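# Structural overview for review
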Amino acid sequence: MIRLINKHIVAGGGTALFAGLSKGINQVEKQLTKDKVNRIILLSDGQANIGPSSVGELSELAIIAAKKNIAITTLGIGSDYNEQLMSSIASYSDGNHVFIDDTAKLENVFVREFKDVMSAVAQDVIITIHLKEGVKPVRLLGRDGVIKDNQVTVKMNQLYSNQEKYLLLEVIPEKGKVGQNKTLAQIDLQYNNLLENKTENETQVVKIAYTDNQDVVNKAIVHEVVAESEIQKVALENEKALKLYNEGKLEEARQLLQENSKKLRDRADMLSEHEPEVSSRLKEQMDKNNIMADAILTDDENTYRKKVTEKQYESKQNMKSVIKK
């Protein structure tokens, strides 16, 4: 393979990213079966400048790949590639996105990537949430999906062993009276079980109870959910900070990142005694936020954007397995 690369591939200044990715999808498509894990690894050190090159056009290609159950991991090398384009491709196809500022890190990235592929246990995961009449969906946090009327659909390409993924959906429940119990939603899960090579289906019902007793409410709080909700809301605020940064308002961007860190720290301190694992998760995110805030003063513009994009992607896509149900 190395000899073929040295013989046939030369640098010409062009990045036909759309054509290359299309060819990769076509090649993988020839081998598609339900018992295989389908993954493309896309490396780029530059801007797409030959053929279709917009975020929208490349994202459409990633959506096509996802429909075929092909995930695309994007590796951006150096500080010249389009970070928004590369992270969007990964996001729409449920792959990973990594910024590589030192090529010595490539080996570790590939090791992690192949460990993921070798541990896949489920593919073509579809979660459908049917909200009951009177329950209003507000927004999904951390994952893209389709909200249509009272039905929410989210797709995930793959799940790996010893890993939990989840989605957070904010809703406005129907009004009720003290002592009432109501069904909030029915959740249908469908996925391809790679271990047994068959389609599996599961259904769960989520209920809501009404009370005016604050102690009952406090005991019912699932702190893991609240913490992850806070992390995802901070991720949305961090996008505003990046927008300020791009507008040249560096001090405002830094201040917003620091405010977001404080929100995470305050929540972590509240939970440190009774929920140490949840508190640790919040502090981990707080540390990432602080790094982003400090980097405003030290990193050049191109490098900073890529670091922030990578950390934002990690927060949204690679959420840790802390929610048990």
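Residues numbered from 1 in each chain as written. Predicted model: local features only at pLDDT ≥ 70, side-chain atom pairs only at ≥ 80, totals over all residues. Heavy atoms only, no water.

### Some points on the side chain of Asn157
Position of Asn157 among the secondary structure elements: in strand S7 (residues 151-160). Looking at Asn157, the relative accessible area reads 4%, which means it is buried. Reaching out from Asn157, the side chain makes a polar contact with the backbone oxygen of Ile70 at a distance of 3.3 Å. Side-chain polar atoms of Asn157 contact the backbone oxygen of Ser93, separated by 2.8 Å. The contact partners of Asn157, leaving out residues within four places of it in the chain, are Ala66, Asn69, Ile70, Ala71, Ser93, Asp94, Ala122, Gln123, Asp124 and Val125. (Helix = DSSP H or I, 4+ residues; strand = E, 2+ residues; numbered from the N terminus. Buried < 20%, exposed > 50% of the residue type's maximum accessible area, 1.4 Å probe, protein only. Polar contact = N/O pair within 3.5 Å; in protein donor to acceptor, adjacent residues only side chain to side chain. Contact = heavy atoms within 4.5 Å.)

### Notes on the packing of aromatic side chains
One pass over the full model with this rule turns up three aromatic pairs. Relative to Tyr304, the ring of Tyr245 has its centre 4.4 Å away and its plane inclined at 35°; by these criteria the two rings are tilted. Of the two residues, Tyr245 is situated in helix H7 (residues 223-246) and Tyr304 in helix H10 (residues 301-317); the sequence distance between them amounts to 59 residues. In this pair, the class of Tyr245 matches that of Tyr304, namely buried. Lying across the ring of Tyr81, Lys306 places its NZ or CZ 4.9 Å from the centre. (Phe/Tyr/Trp six-rings, centres within 6.5 Å; stacked < 30°, edge-to-face > 60°. Lys NZ or Arg CZ within 6 Å of the ring centre and 35° of its normal.)

### Details of the sheet that holds strand S3 (residues 97-100)
As summarised here, the arrangement of the three strands in space is S1-S2-S3, forming an open sheet in which the pairing is parallel. Two strands in the sheet have a free side with no partner beyond their single neighbour: strand S1 (39-44) and S3. Between one strand and the next, the sheet's axes are offset by a mean angle of 15°, whatever the strand orientation. Of the strands in this sheet, S1, strand S2 (71-77) and S3 are in contact with helix H4 (residues 83-93), which crosses S2 at around 160°. (Pairing = 2+ DSSP bridges. Axes fitted to C-alpha atoms, helices over the stretch in contact; angles between N-to-C directions.)

### Quick notes on the side chain of Arg39
On the secondary structure map, Arg39 appears in strand S1. Exposure remark for Arg39: the relative accessible area of 13% places this residue in the buried category. Among the polar contacts made by the side chain of Arg39, one reaches the side chain of Gln158 at a distance of 2.9 Å. Polar contacts involving the side chain of Arg39 include one to the side chain of Tyr160, which spans 2.3 Å. Beyond its immediate stretch of four places on either side in the chain, Arg39 contacts Val28, Ala71, Thr73, Asn96, Glu113, Val117, Gln158 and Tyr160.

### Thoughts on the sheet that holds strand S9 (residues 181-193)
Within the open sheet, the five strands sit side by side as S6-S7-S4-S9-S10. Their pairing is antiparallel. Pairing within the sheet leaves two strands with one partner each, and these edge strands are strand S6 (146-148) and strand S10 (198-209). When the angles between neighbouring strand axes are averaged without regard to direction, this sheet yields 20°. Sheet analysis places strand S4 (residues 120-131) next to S9, joined by eight bridges and oriented antiparallel. Across the sheet, Gln123 pairs through a bridge with Asn192, a residue of S9.

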